[in-house]
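If you want the building blocks of each chain, they are given just below.
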Amino acid sequence: VKNMKSEKLDLNSVNQSDFGAVAKAVENSLPKDAILLDKHLLPSRGRYYTEDIYVKKFSTLNIKNLSTINEKNANYIINSTISSCVLNIDTNKILVGDKLWFIFYLRALTYDDLPFQIKHKCEHCENTVNLEFTLKNLKIDYLDKDVPAEFITEAGDKIKTRFPTIGMEAVTNRMKNGQDSYETFNEDLLEFAVNIESVNGKRMDIYNAYQYVANMDAKSFSKLVNEMTNYMFTVRPYAEFTCPDCKETVAEKVPFSPSFFLPKL
């Protein structure tokens, strides 16, 4: 792995890449090894995808790029990998809450869910134990309830919400990086604002949703945040295990390391 050299990634073009066009190009020519995905496995339970979704195993190039992932290039590599391996859907329409799940799932698909060894010091018995990560251990928050048609704030505003997609994430990243304007945005508020689709029937782009959120009264903001939290879904990069020594439940982070994507077979 150390001798592998990844081509330089242009981080400035990460959010300008048309991943959706790449995915659409294969829509009518699915490869023979494409597998129909059971959308119910997704954190979103597939509630917001009307099309069939197909997946295929990592290619050598996918593995090469994933094995060089770091904090700066992670967004580009994850998005481009999904574009390559998740088929028959515009990648920009994939929900951010499902995004990391695809990487874990594709790794399991590629290697027949080969266990990944993790050393862990148990906080209960204080023994250092070897844990085996497989997809079933992954910590997933599922969307297992119906989302209300609208939320009503303390001020009486009627809020219709949406779940951000990879395409929307690209817009917020440009805003954070000052690529579209010189205005400075609070990143936490911006990431929350992208969930607002309309206020009192008026559709909101991400900029106007941000301005609305930034000027909400405290009670309305607190109520809306707490209510919406009940409907968030995502993959946490942690896994839950039973300690082999004391039998207590323990949690450990699953690293996107070279050995995770290039395991010893």
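This is a predicted model, so every value here is computed, not measured.

Points about the pairing of strand S6 (residues 138–141)
1) Next: Of the two faces of S6, only one is covered, namely that formed by Leu138 and Ile140; the face formed by Lys139 and Asp141 stays uncovered.
2) Next: Where S6 meets strand S11 (residues 234–242), 4 bridges bridge the pair, whose relative direction is antiparallel. Of the residues in S11, the one forming a bridge with Lys139 is Arg236.

Observations concerning the confidence of the model for the protein chain
1) Next: On average, residues of the protein chain score 89 in pLDDT, and 89% of them reach the 70 mark or higher.
2) Next: A low-confidence stretch, residues 1–16 (pLDDT under 50), is modelled with 28 contacts involving residues beyond four sequence positions or located in other chains.

A short note on the environment of Phe260
1) Next: Its location among the elements puts Phe260 in helix H9 (residues 258–261).
2) Next: Classification of Phe260 by relative accessible area gives buried; the value is 0%.
3) Next: Sequence separation of Phe260 and Pro115 is 145 residues, and the distance between their C-alpha atoms is 9.5 Å.
4) Next: Once residues within four sequence positions are removed from consideration, Phe260 is found in contact with Phe104, Arg107, Phe116, Phe133, Val254 and Pro255.

Comments concerning the packing of aromatic side chains
1) Next: Inspection of every chain in the model, using the stated rule, returns 17 aromatic pairs.
2) Next: Where Trp101 meets Phe102, the ring centres are 5.4 Å apart and the plane angle is 75°; that geometry is what we call edge-to-face.
3) Next: For Trp101, a relative accessible area of 2% translates into the label buried.
4) Next: Note on Phe104 and Phe260: the rings are 6.0 Å apart at their centroids and 70° apart in plane angle, and the pair reads as edge-to-face. You can see Phe104 sitting in helix H4 (residues 96–110) and its partner Phe260 sitting in helix H9, a full 156 residues away along the chain.

So, the pattern of salt bridges
Note on pairing: side chains with opposite charge can pair once their charged atoms come close.
1) Next: Applying the stated criterion across every chain, the model contains 9 salt bridges.
2) Next: A salt bridge links Arg45 to Asp144, with the nearest nitrogen and oxygen atoms 2.7 Å apart. You can see Arg45 sitting in the loop between strand S1 (35–36) and strand S2 (54–55) and its partner Asp144 sitting in the loop between S6 and strand S7 (151–152), a full 99 residues away along the chain.
3) Next: Across the pair Lys139 and Glu240 runs a salt bridge, and its minimum N-O distance is 3.9 Å. Of this pair, Lys139 sits in strand S6 while Glu240 sits in strand S11, and the two are 101 residues apart along the sequence.
4) Next: For Lys139, a relative accessible area of 26% gives the class partly exposed.
5) Next: Judged by relative accessible area, which is 39%, Glu240 ranks as partly exposed.
6) Next: Put simply, Lys160, Glu197 and Arg203 are held in one network by salt bridges that share partners.

A look at the side chain of Asn88
1) Next: Along the chain, Asn88 falls in the loop between strand S3 (86–87) and H4.
2) Next: There is a polar contact of 2.9 Å between the side chain of Asn88 and the backbone oxygen of Asp52.

Focus on the nonpolar core
1) Next: Val86, Phe102 and Phe133 are the most contacted members of the largest nonpolar core, which has 66 residues in total.
2) Next: Ranked by the residues each element gives to this core, the list is headed by H4, at 7 residues.
3) Next: Look past the residues within four positions of Phe133 in its chain and what remains in contact with it is Phe104, Leu114, Pro115, Phe116, Ile118, Leu138, Ala239, Phe241, Val254 and Phe260.

Cut-offs applied
Residues numbered from 1 in each chain as written. Predicted model: local features only at pLDDT ≥ 70, side-chain atom pairs only at ≥ 80, totals over all residues. Heavy atoms only, no water. Buried < 20%, exposed > 50% of the residue type's maximum accessible area, 1.4 Å probe, protein only. Helix = DSSP H or I, 4+ residues; strand = E, 2+ residues; numbered from the N terminus. Pairing = 2+ DSSP bridges. pLDDT = per-residue confidence, 0-100. Contact = heavy atoms within 4.5 Å. Phe/Tyr/Trp six-rings, centres within 6.5 Å; stacked < 30°, edge-to-face > 60°. Salt bridge = Lys/Arg side-chain N within 4 Å of Asp/Glu carboxyl O. Polar contact = N/O pair within 3.5 Å; in protein donor to acceptor, adjacent residues only side chain to side chain. Core = buried A, V, L, I, M, F, W, Y, C linked by side-chain atoms within 4.5 Å.

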